[in-house]
Amino acid sequence: MIHQTMPSIKVISLSYKTADVAVRGQLQFSEEEVQTFLANFQAHEDFQSLMLLSTCNRTELYFESETTSAKDMIEQMLTFKNVWIGGHLLKVIETTQESAQYMMEVAMGLHSMVLGDKQIIQQVKSAYLQSQSMGLISGAFERLFQQVFRSFKRISNETAFLKGSQSTSYLAVEHARRLVGKQAKVLLLGAGEIAKDVVKYLVSQGFENVVIANRTLEKAQALAKSRDSYFYLPFSEIPQYFSDFDVVISSIGVKDLIQDTFFRKSTFPKVLVDLAVPASISISEQTKQSVQLINIDTLVEKIQVNKTESQAAVNEVQTIIEQELAQFMKWHDSLPINQFLASLKQHYKSTIQEKLQQHKQELPDGVIDSILAALLKTPAVSLKNMN
């Protein structure tokens, strides 16, 4: 049997399961911070792959390394963010099979705040593509995410898991509709992926009076085009027009974006939904008595969503994940043998060419390759059977 040290896939996770929104906000990475953090490791030889997934519900680092430990990378993340978070709040996995299984389960929505959250697969895909564009994805991660995306396609086609599933964005819109009705005037802060998801549900649930504000005006303009009756607002004008709205939904992770000073007029929004991490709405207890304020941690508790179809299909989802994971692990476990055979083939080829030169003989490369294939066939089959 061939024994060869191989890099292992590892996971570090801080999620809503162990940390509240305030703690998660400390380890939240903006798009720019993700880019900067990953760039620090582009020239690091010990990393075969590195991905950073940062959403409102979780910040997770996925990496493949032979010598770098999860503890090392936790220190890197905390140092980068200049924060301290207790180790008991972090989930750490340092074996390839367990890490791969967890990553697949996250991408399928099994670990989402809302079971079967449809948004997470796009967030995972975006994180993967970003790392890939930076040269931080190896053959192992490429193969693993082939299985991840294949699993999602199978789950969509073969089960009812995603039919009844929604996202926190859906819950935010549903919450507003139940409290004030679809005729309400809505101010949406942000134009990123979460905001786009919110707009989709505002449209589907019949909200006609919606205004979008974002720090980059062009993005707000583009998102407002989703509906003829939707408009955009310059970010600097939010305080001026804030009191005109019935509902404010924030997806911008800027701490203290909305404060008590916004509520000094006689009229002001009565429903505030904070989907951002870190929390963007910071108001006093006195102001809270006059409004309905809800964040992503309490959103699921406030609204009862019918999860029957999704819950009934969980076993089917886990079966598909097990099947796809088994295919990945079979491929992964064969890597040491394939590398050994490649090395042996190169050794044989060099030896043959050396002997031919000594005897002043020549053979076409095709003939040499045919000889090598014949020589390696039996040991290759034997080694793979042993594995």
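Cut-offs applied
- Residues numbered from 1 in each chain as written.
- Predicted model: local features only at pLDDT ≥ 70, side-chain atom pairs only at ≥ 80, totals over all residues.
- Heavy atoms only, no water.
- pLDDT = per-residue confidence, 0-100.
- Helix = DSSP H or I, 4+ residues; strand = E, 2+ residues; numbered from the N terminus.
- Pairing = 2+ DSSP bridges.
- Axes fitted to C-alpha atoms, helices over the stretch in contact; angles between N-to-C directions.
- Contact = heavy atoms within 4.5 Å.
- 1 Å grid on protein atoms, 1.4 Å probe; cavity = no way out; pocket = protein on both sides within 12 Å on 5 of 7 lines; lining within 4 Å.
- Points joined across faces, edges and corners; volume = space filled by probe spheres on them.
- Nonpolar A, V, L, I, M, F, W, Y, C, P; charged D, E, K, R; others polar.
- Core = buried A, V, L, I, M, F, W, Y, C linked by side-chain atoms within 4.5 Å.
- Buried < 20%, exposed > 50% of the residue type's maximum accessible area, 1.4 Å probe, protein only.
- Phe/Tyr/Trp six-rings, centres within 6.5 Å; stacked < 30°, edge-to-face > 60°.
- Lys NZ or Arg CZ within 6 Å of the ring centre and 35° of its normal.

1. So, the confidence of the model for the protein chain
Okay, so step 1: Chain-level statistics for the protein chain give a pLDDT mean of 87 and a share of 88% at 70 or above.
Okay, so step 2: Looking at the elements of the protein chain, mean pLDDT is at its lowest for helix α16 (residues 365-386), recorded as 68, and at its highest for strand β4 (residues 91-93), recorded as 97.

2. So, the sheet that holds strand β2 (residues 47-54)
Okay, so step 1: Read from one edge to the other, the open sheet built from four strands follows the order β2-β3-β1-β4, with strand pairing classed as antiparallel. Edge positions in the sheet fall to β2 and β4, since each has one partner strand and no second. Going from strand to strand, the sheet's axes swing by 10° on average, the running direction of each strand aside.
Okay, so step 2: Relative to the sheet, helix α2 (residues 31-39) contacts β2 and β3 (58-65), its axis offset from that of β2 by approximately 165°.

3. Quick notes on the layout of surface pockets
Okay, so step 1: Approximately 1,200 Å³ is the volume found for the largest pocket.
Okay, so step 2: In terms of lining, the largest pocket is formed by 37 residues, of which the most central are Phe 29, Ser 30, Glu 31, Gly 192 and Glu 193.
Okay, so step 3: Looking at the lining of the largest pocket, the elements that each hand over two or more residues are α2, β2, α5 (120-133), α8 (193-204) and α9 (217-224).
Okay, so step 4: Estimated volume of the second largest pocket: approximately 190 Å³.
Okay, so step 5: Lining the second largest pocket are Val 21, Ala 22, Gly 25, Gln 26, Lys 255, Asp 256, Pro 278, Ala 279, Ile 281 and Ser 282.
Okay, so step 6: Tallied by class, residues from the lining of the second largest pocket come to five nonpolar, three polar and two charged.

4. Observations regarding the sheet that holds strand β6 (residues 210-214)
Okay, so step 1: Taking strand neighbours across the sheet as the criterion, the six strands line up as β7-β6-β5-β8-β9-β10 in an open arrangement whose pairing is parallel. In this open sheet, the two edge strands, each paired with only one partner strand, are β7 (231-234) and β10 (292-295). Put simply, the sheet's adjacent strands are angled 20° from each other on average, direction ignored.
Okay, so step 2: When strand β5 (residues 186-189) meets β6, the two strands line up parallel, connected through four bridges. Its bridge partner being in β6, Val 186 is matched across the sheet by Val 210.
Okay, so step 3: On the sheet, helix α7 (residues 168-180) packs against β8 (247-250), β9 (271-274) and β10 and is oriented at approximately 170° with respect to β9.

5. Things to note about the side chain of Asp 197
Okay, so step 1: Tracing the backbone through its elements, the reader meets Asp 197 in helix α8.
Okay, so step 2: For Asp 197, the residues in contact, after removing those within four places along its chain, are Gln 119, Ser 167 and Ser 169.

6. Concerning the nonpolar core
Okay, so step 1: Counting residues in hydrophobic clusters, the biggest one holds 36 residues, and the most contacted among them are Leu 144, Phe 145 and Phe 161.
Okay, so step 2: Contributing elements (two or more residues each) for this core: β1 (8-15), β2, α4 (96-108), α5, α6 (139-158) and α14 (314-333).
Okay, so step 3: If you look at the next biggest cluster of nonpolar residues, it comprises 34 residues, including Ala 191, Leu 223, Tyr 230 and Val 277.

7. Details of the packing of aromatic side chains
The relative placement of two aromatic rings is captured by the distance of their centres and the angle of their planes.
Okay, so step 1: The full count for this structure, using the stated rule, is 15 aromatic pairs.
Okay, so step 2: With a centroid separation of 5.6 Å and an interplanar angle of 70°, the aromatic rings of Phe 29 and Phe 37 are classed as edge-to-face.
Okay, so step 3: Each ring, one from Phe 328 and one from Trp 331, has its centre 6.0 Å from the other, and the planes form 35°; the classification is tilted. On the criterion of helical spacing, the pair formed by Phe 328 and Trp 331 is a turn pair, its members being three residues apart in helix α14.
Okay, so step 4: Every member of this aromatic cluster is reached through a ring pair, and the members are Phe 29, Phe 37, Phe 41, Phe 47, Phe 63 and Phe 80.
Okay, so step 5: Geometry around Phe 29 places Lys 81 over its ring, the cationic atom sitting 5.4 Å from the centre.
Okay, so step 6: Directly above the ring of Phe 268 sits Lys 270, whose terminal nitrogen or CZ lies 4.2 Å from the centroid.

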